[in-house]
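Now for the letters of each chain:
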Amino acid sequence: MGSNGELKYEISQNAYIKLVLHSLRHKTAAVNGVLVGRISPKDDGVVEISDSVPLFHSNLALLPPLEISLIMIEEHYVAQGLSIVGYFHANERFDDVELCGVAKNIGDHISRYFPQAPILLLNNKKLEALSKGKERSPVMQLCVKDASKNWRVVGADGGSKLLLKEPSANVVLSDYISSEKWKDVTDVDDHLDDVTKDWLNPGLFN
């Protein structure tokens, strides 16, 4: 397995759409989530992101709820041979495409367990271009750890490192946005307030 710089990350349509809808549900707040998946058994340097879990839309920096959530998520997915392989973050301000301290800290925490873990940072400008039908690539920036263990945004070639498993994912996402599907997303925050709300979002894509 190569270094993070050589790795590619392939995200499934549902995992991708769920996180973007989560950020739209809480437009005026920072939100986050985790990526669930595995290293490809083909040994081709690909991390397969097959699902995602929306975490929080308030008090993102609190460690106890984060710890509880990560344990709960790992316990659920372990039977499927999956684990937490990365982190997703959307900043509060629309035009903010900087990786904040909270995102880096949680990314660090996750990379202790899965060293190849990336951070995906929502890019609102790309998201906006989606509605005009102009955006083919993921509406997220890929951030990985460099040789000196600092997080950095993967540059212009980043598009080839972060791949949508289904090429039509942005078309489906666009449809979901126009039908306000984001109203149906439940995150762990919601679940901690009301345990009847299912953080797995089983009915989201029905």
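What counts, and where the lines are drawn
Residues numbered from 1 in each chain as written. Predicted model: local features only at pLDDT ≥ 70, side-chain atom pairs only at ≥ 80, totals over all residues. Heavy atoms only, no water. UniProt positions renumbered as here; feature names shortened; annotations may be inferred. Helix = DSSP H or I, 4+ residues; strand = E, 2+ residues; numbered from the N terminus. 1 Å grid on protein atoms, 1.4 Å probe; cavity = no way out; pocket = protein on both sides within 12 Å on 5 of 7 lines; lining within 4 Å. Points joined across faces, edges and corners; volume = space filled by probe spheres on them. Nonpolar A, V, L, I, M, F, W, Y, C, P; charged D, E, K, R; others polar. Buried < 20%, exposed > 50% of the residue type's maximum accessible area, 1.4 Å probe, protein only. Pairing = 2+ DSSP bridges. Contact = heavy atoms within 4.5 Å. Axes fitted to C-alpha atoms, helices over the stretch in contact; angles between N-to-C directions. Left-handed = near helix turned anticlockwise from the far one by under 90°.

Novice: What exactly am I supposed to notice about the UniProt feature "domain: MPN" (unreviewed entry) in the chain here?
Specialist: In this structure's numbering, the residues bearing the UniProt feature "domain: MPN" (unreviewed entry) are residues 9-144. The straight-line gap between the two end C-alpha atoms of residues 9-144 is 11 Å; of that span, 36% is helix and 28% is strand.

Novice: Any chance you could explain the layout of surface pockets here in plain terms?
Specialist: Over the atoms, a rolling probe the size of a water molecule traces out where space has been left empty. In this structure, the largest pocket occupies an estimated 380 Å³ of space. For the lining of the largest pocket, the elements supplying multiple residues, two or more each, are helix 1 (13-25), helix 4 (124-131) and helix 5 (169-178). In terms of residue count, the dominant contributor to the lining of the largest pocket is helix 4 (five residues). Across the lining of the largest pocket, the residue classes break down as ten nonpolar, six polar and four charged.

Novice: Would you mind showing me how to read unusual backbone geometry here?
Specialist: With the exception of glycine, most residues fall at negative phi, and the peptide bonds are largely trans. Of note in this structure, glutamate 180 is not a glycine but carries a positive phi near 55°. As for its placement among the helices and strands, glutamate 180 is situated in the loop between helix 5 and helix 6 (188-193). We note that asparagine 201 has phi near 50°; this positive angle belongs to a residue other than glycine. Residue position: asparagine 201 is located in the segment after helix 6. Assessed through its relative accessible area of 7%, asparagine 201 is described here as buried.

Novice: Honestly, the pairing of strand 6 (residues 140-145) in this entry has me stumped. Any pointers?
Specialist: Side-chain positions along a regular strand alternate between the two faces of the sheet. Most of strand 6 sits out of view: five of its six residues are buried. In this sheet, strand 6 lies alongside strand 5 (residues 119-122) in antiparallel orientation, the contact comprising four bridges. What sits directly across from isoleucine 119, in strand 6, is cysteine 143. Pairing of strand 6 with strand 7 (residues 151-153), which is carried by three bridges, proceeds in the antiparallel orientation. Bridging across to strand 7, cysteine 143 finds its partner in valine 153.

Novice: Help me understand the side chain of histidine 22, please; the structure alone is not making it clear to me.
Specialist: Mapping histidine 22 onto the fold places it in helix 1. Given the relative accessible area of 1%, histidine 22 is considered buried. Not counting residues up to four positions away in its chain, the partners in contact with histidine 22 are Val31, Asn32, Pro54, Leu55, Phe56, Val185 and Asp187.

Novice: Explain the sheet that holds strand 3 (residues 46-54) here, please?
Specialist: Strands in a sheet are paired, the pairing made by backbone hydrogen bonds, and the direction either parallel or antiparallel. Pairing is mixed across the open sheet formed by eight strands, whose spatial order is 7-6-5-4-2-3-1-8. Only two strands of the sheet have a single neighbouring strand rather than two, namely strand 7 and strand 8 (162-164). Sheet twist, expressed as the average angle between the axes of neighbouring strands with direction ignored, equals 30°. Each of strand 1 (8-11), strand 2 (31-39), strand 3, strand 4 (83-90), strand 5, strand 6 and strand 8 is contacted by helix 1, which is oriented at about 40° to strand 3, the strand it contacts most.

Novice: Hey, could you run me through the packing of helix 1 against helix 5 in this one?
Specialist: For any two helices packed against each other, the geometry is given by the interaxial angle and the distance between the axes. Put simply, helix 1 and helix 5 touch, their axes get as near as 10 Å, and they point 35° apart. Note that helix 1 runs across helix 5; the crossing there is right-handed. Contacts between helix 1 and helix 5 involve Gln13, Tyr16, Ile17, Val20, Leu21 and Leu24 on the former and, on the latter, Ala169, Asn170, Val172, Leu173, Tyr176 and Ile177. Residues that form the contact of helix 1 with helix 5 fall into these classes: ten nonpolar, two polar and no charged.

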